[in-house]
Amino acid sequence: MNNPHETTNRLSSMSLNFEGCVIAAREGETVATALLAAKAGYTGTSQVSGRRRSPYCLTGICFECLVEVNGHANQRACMVRVRKNMTIRRQNRLPSLHLKGRET
Amino acid sequence: MNMSRPKSSGTFDVVIVGGGIVGLCIGYGLVKCQLRVAVLDGNDADFSASRGNFGMISVSNKGFSNIPYFRLSLTSGRLWPLFAEELRECSGIDPRFQGRGKVYLSVGDRELDEQRRHIEEFSQRAGAEYRNEILDRDEVDALLGHVGLGEAVSGGSFSPLDGAVDPLKFYSSLLRAYQARGGHYLFGHIVDRIVRDTTAFFVRTPAGQFSAPRVVIAAGLGIPPLAKEVGLQLKVRPERGQIIVTERIDQVFKYPISGFLRQNVEGTVMIGSSSEYAGRDDRTTVEVLKELAKSAVERLPSLRSVQINRCWACLRPRTQDGYPIYQESSEQPGAFVVSCHSGITLAALHTRLLPQWIMEGARDRLLEPFGLERFRDEQPA
Ligand SMILES: Cc1cc2nc3c(=O)[nH]c(=O)nc-3n(C[C@H](O)[C@H](O)[C@H](O)COP(=O)(O)OP(=O)(O)OC[C@H]3O[C@@H](n4cnc5c(N)ncnc54)[C@H](O)[C@@H]3O)c2cc1C
Ligand code: FES
């Protein structure tokens, strides 16, 4: 049968680049779970409170897990599946509109 | 949030039905006069414009066809800075008031001409107090910090009369301030009857009964059946508004734009407040949200790359003609009805003027034009 949990549990050779370090990841999981499993520490700094944050609800609701994925800021780590050659950075500032404008 | 535990009964100086912005502003004004006040509010599932609005303090576009309404909004706008400061001190929550003014962006030359004529006519009707200045494209561009205007933007105007608050911060600071001053707030107390004997009104809820010599009905869309209990007939109709909220980005424009585009202090951009009649349906629709997003991008194309995080719809209580209603029952003196379409704009004024009217019976001359008499010739439903 096609059990998604089976897929998640199958260890794969995938890896992520997080702040310059290589982190192991499993196929089918999210960036948030990979970072949590790797004990990667905080994933960003809140621009409102100035405090360090990390994934919390894992369901896309709390926005505590914002990271930069391949240069795109404001990505919820718990909503992004791991892919090959991903570069993840802690989000420590708000993206500026002008920079965003240039992305597209 | 710090809510009082339901009490089964109580005697107060004033009982207010409805714990939205309107009811709480009145309550806050009354507790400041050392009165014992209970606000009876409904449930989370109730329609509540106060928990889903856009947070603009709009003056420059209010009352073109009704100058007393412009004066009411203008007076409230002037009271807002002090009101916001007081709430912040009393509640410890900053409602994030900013009274810098609002930019209006015109799209196409015709719209700019229309805006110019509109402002001239408005100034003539309202006099020197009306302030709104026509600007060319370069001037609005500079005012908005060269954020990058859409090609079709032809210019616009700037009015220093307008302002904004963070809508949720404002609601929570108001509730907290009211409670800090000793006001009772009872959540989940849906009023089903209001009866009167010689000395007092008895306001009944399934959770208990409350009595007071004065009762204020400020229950938004819940007003009509309650008003009937005290001998007043009026219609309040739901007007749906939809809002888009984006991801947080760096502060980009410091003035709200055209009343439908604004950036909160924390970085999110709010696009919104459509207005439609859809009965009591408070769901969002793709067509309306698409229109909102399109108008935003037409004016500021760089917003195209900004992600949308949330959208919602919410119902505004709207009186028959869209203007406020301040009415005491002649059949049952001591019972009051208050409803309005722009409860954020009018909040500072309501806090200041309504307590005096409720306690002393005399409506301030600013409020005078807004009784139910104006609907006398119409057939209430
Ligand atoms: C999308 C949107 C955008 C808006 N934008 C702005 C803006 O930018 N500027 C502005 O000035 N205004 C704006 N408004 C309007 C503003 O939000 C309303 O005028 C204001 O919130 C009305 O407050 P209220 O207290 O009368 O009603 P509500 O907020 O609707 O509150 C009514 C309360 O009464 C309670 N209630 C109902 N029936 C009963 C009962 N039988 N017993 C006990 N309690 C009861 C309900 O539970 C509710 O809490 C907007 C509204 C919407 C929907
Ligand atoms: S952990 Fe809550 S949104 Fe990602």
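Every value quoted in this text rests on a predicted model; they were computed, and no experiment measured them.

Things to note about the overall build of chain B
So, step 1. The secondary structure content of chain B amounts to eight helices and 19 strands.
So, step 2. For 381 residues, the compact-globule estimate of 2.2 N^0.38 gives 21 Å, and chain B sits close to it at 21 Å.
So, step 3. Looking at chain B residue by residue over its 381 residues, the buried ones come to 56%.
So, step 4. Restricting the contact set of chain B to residue pairs at least 6 apart, pairs at least 24 apart contribute 73%.

Things to note about the overall build of chain A
So, step 1. Helix and strand counts for chain A come out as three helices and seven strands.
So, step 2. Counted from the first residue to the last, chain A has its helices and strands arranged as α-β-β-α-β-β-β-β-β-α.
So, step 3. Within the span of chain A, comprising 104 residues, buried residues form 38% of the whole.
So, step 4. Sequence-distant contacts in chain A: of pairs separated by 6 or more residues, those separated by 24 or more amount to 39%.
So, step 5. Carbon and sulfur atoms form 49% of the exposed surface of chain A, whose accessible area is close to 6,500 Å².

Quick word on the site of ligand 1
Residues and elements named next belong to chain B.
So, step 1. Around ligand 1 sit 39 residues, and of these D41, D46, S50, R51 and M56 come closest.
So, step 2. Between ligand 1 and D41, the relevant distance is 2.7 Å, taken from an oxygen atom to a side-chain nitrogen or oxygen of the residue.
So, step 3. In this structure, an oxygen atom belonging to ligand 1 sits 3.2 Å away from a main-chain N or O atom of A49.
So, step 4. Protein contact buries 95% of the 1,000 Å² of open area that ligand 1 shows by itself.
So, step 5. Those elements giving two or more residues to the shell around ligand 1 turn out to be α1 (21-32), β14 (236-248) and β17 (308-319).
So, step 6. Ranked by residues supplied to the shell around ligand 1, first place goes to β17 with three residues.
So, step 7. In terms of residue class, the shell around ligand 1 is built from 17 nonpolar, 18 polar and four charged.
So, step 8. Split by domain, the residues of the shell around ligand 1 number at least three in each of domain 1 (9-53 + 167-235 + 321-375) and domain 3 (236-319).

Comments concerning the environment of B:C314
All names here are of chain B.
So, step 1. With respect to the helices and strands, C314 occurs in strand β17.
So, step 2. Between the C-alpha atoms of C314 and G241, which are 73 residues apart in sequence, the distance is 5.5 Å.
So, step 3. With sequence-adjacent residues up to four places away left out, C314 is seen in contact with S48, A49, G52, E239, R240 and G241.

Observations regarding the domain arrangement of chain B
Residues and elements named next belong to chain B.
So, step 1. Taken domain by domain, chain B consists of domain 1 (9-53 + 167-235 + 321-375), domain 2 (102-159) and domain 3 (236-319).
So, step 2. Placing the centre of domain 2 and that of domain 3 at their C-alpha centroids yields a distance of 21 Å.
So, step 3. With 13 residues of domain 2 at the contact, the number on the domain 3 side is 12 residues.
So, step 4. Interface area for domain 2 against domain 3, summed over the two sides, is near 1,100 Å², with a carbon-plus-sulfur share of 66%.
So, step 5. Viewed at the interface, domain 3 and domain 2 are joined by zero salt bridges.
So, step 6. When contributions to the side of domain 2 that touches domain 3 are tallied by element, the ones reaching two or more residues are β5 (102-107) and β7 (153-159).
So, step 7. Take the side of domain 2 that touches domain 3: its biggest share by element is five residues, from β5.

Comments concerning the nonpolar core
All names here are of chain B.
So, step 1. Counting residues in hydrophobic clusters, the biggest one holds 48 residues, and the most contacted among them are W80, F83, F170 and Y326.
So, step 2. Elements supplying a minimum of two residues to this core: β2 (14-17), α1, β3 (37-40), α2 (67-91), α5 (167-180), β19 (335-339) and α8 (347-360).
So, step 3. Per-element tally for this core: the top contributor is α1, with eight residues.

Observations concerning the sheet that holds strand β6 (residues 133-136) of chain B
Residues and elements named next belong to chain B.
So, step 1. With antiparallel pairing, three strands are arranged side by side in an open sheet as β5-β7-β6. Because the sheet does not close on itself, it has two edges, and the strands there are β5 and β6. With strand direction ignored, the average angle separating the axes of adjacent strands in the sheet is 30 degrees.
So, step 2. Strand contacts of helix α3 (residues 109-126): β5, β6 and β7, with the helix running at about 135 degrees to β5, the strand carrying the most contacts.

A short note on the pattern of salt bridges
All names here are of chain B.
So, step 1. Applying the stated criterion across every chain, the model contains 26 salt bridges over all chains.
So, step 2. The shortest N-O distance in the salt bridge between R96 and E266 comes to 3.4 Å. Here R96 is found in the loop between α2 and β5, whereas its partner E266 is found in the loop between β15 (261-263) and β16 (268-272), with 170 residues between them in sequence.
So, step 3. Taking the relative accessible area as the measure of exposure, R96 reaches 25% and is therefore partly exposed.
So, step 4. Between R110 and E114 there is a salt bridge, with the nearest N and O atoms lying 3.6 Å from each other. In this pair, R110 and E114 both sit in helix α3, four residues apart, roughly one turn of the helix.
So, step 5. Classification of E114 as partly exposed rests on a relative accessible area of 38%.
So, step 6. Counted as one network, the salt bridges with shared partners bring together R96, K169, R248 and E266.

Here's the deal with the confidence of the model for chain A
So, step 1. When pLDDT is averaged along chain A, the result is 85, and 82% of the positions lie at 70 or above.
So, step 2. The model gives residues 100-104 of chain A a pLDDT under 50, and that stretch makes nine contacts with residues more than four places away or in other chains.

Re the packing of α1(B) against α8(B)
Residues and elements named next belong to chain B.
So, step 1. The geometry of α1 relative to α8 is characterised by a closest axis approach of 8 Å and an angle of 60 degrees between their N-to-C directions. Judged by the inter-axis angle, α1 sits oblique to α8. For the pair α1 and α8, the crossing hand works out as right-handed. Contacts from I21, V22, C25, I26, Y28, G29 and L30 of α1 reach α8 at A347, H350, T351, L354, P355, I358 and M359.

Rules of the game
Residues numbered from 1 in each chain as written. Chains lettered and ligands numbered in written order. Predicted model: local features only at pLDDT ≥ 70, side-chain atom pairs only at ≥ 80, totals over all residues. Heavy atoms only, no water. Helix = DSSP H or I, 4+ residues; strand = E, 2+ residues; numbered from the N terminus. Rg over C-alpha atoms; globule rule 2.2 N^0.38 Å. Buried < 20%, exposed > 50% of the residue type's maximum accessible area, 1.4 Å probe, protein only. Contact = heavy atoms within 4.5 Å. Areas by Shrake-Rupley, 256 points an atom, 1.4 Å probe, with all protein chains shown as cover. Near = heavy atom within 4 Å. Polar contact = N/O pair within 3.5 Å; in protein donor to acceptor, adjacent residues only side chain to side chain. Nonpolar A, V, L, I, M, F, W, Y, C, P; charged D, E, K, R; others polar. Domains from an automatic or database assignment. Buried area = accessible area lost by both parts, 1.4 Å probe. Salt bridge = Lys/Arg side-chain N within 4 Å of Asp/Glu carboxyl O. Core = buried A, V, L, I, M, F, W, Y, C linked by side-chain atoms within 4.5 Å. Pairing = 2+ DSSP bridges. Axes fitted to C-alpha atoms, helices over the stretch in contact; angles between N-to-C directions. pLDDT = per-residue confidence, 0-100. Parallel < 35°, antiparallel > 145°, perpendicular 65-115°, else oblique. Left-handed = near helix turned anticlockwise from the far one by under 90°.

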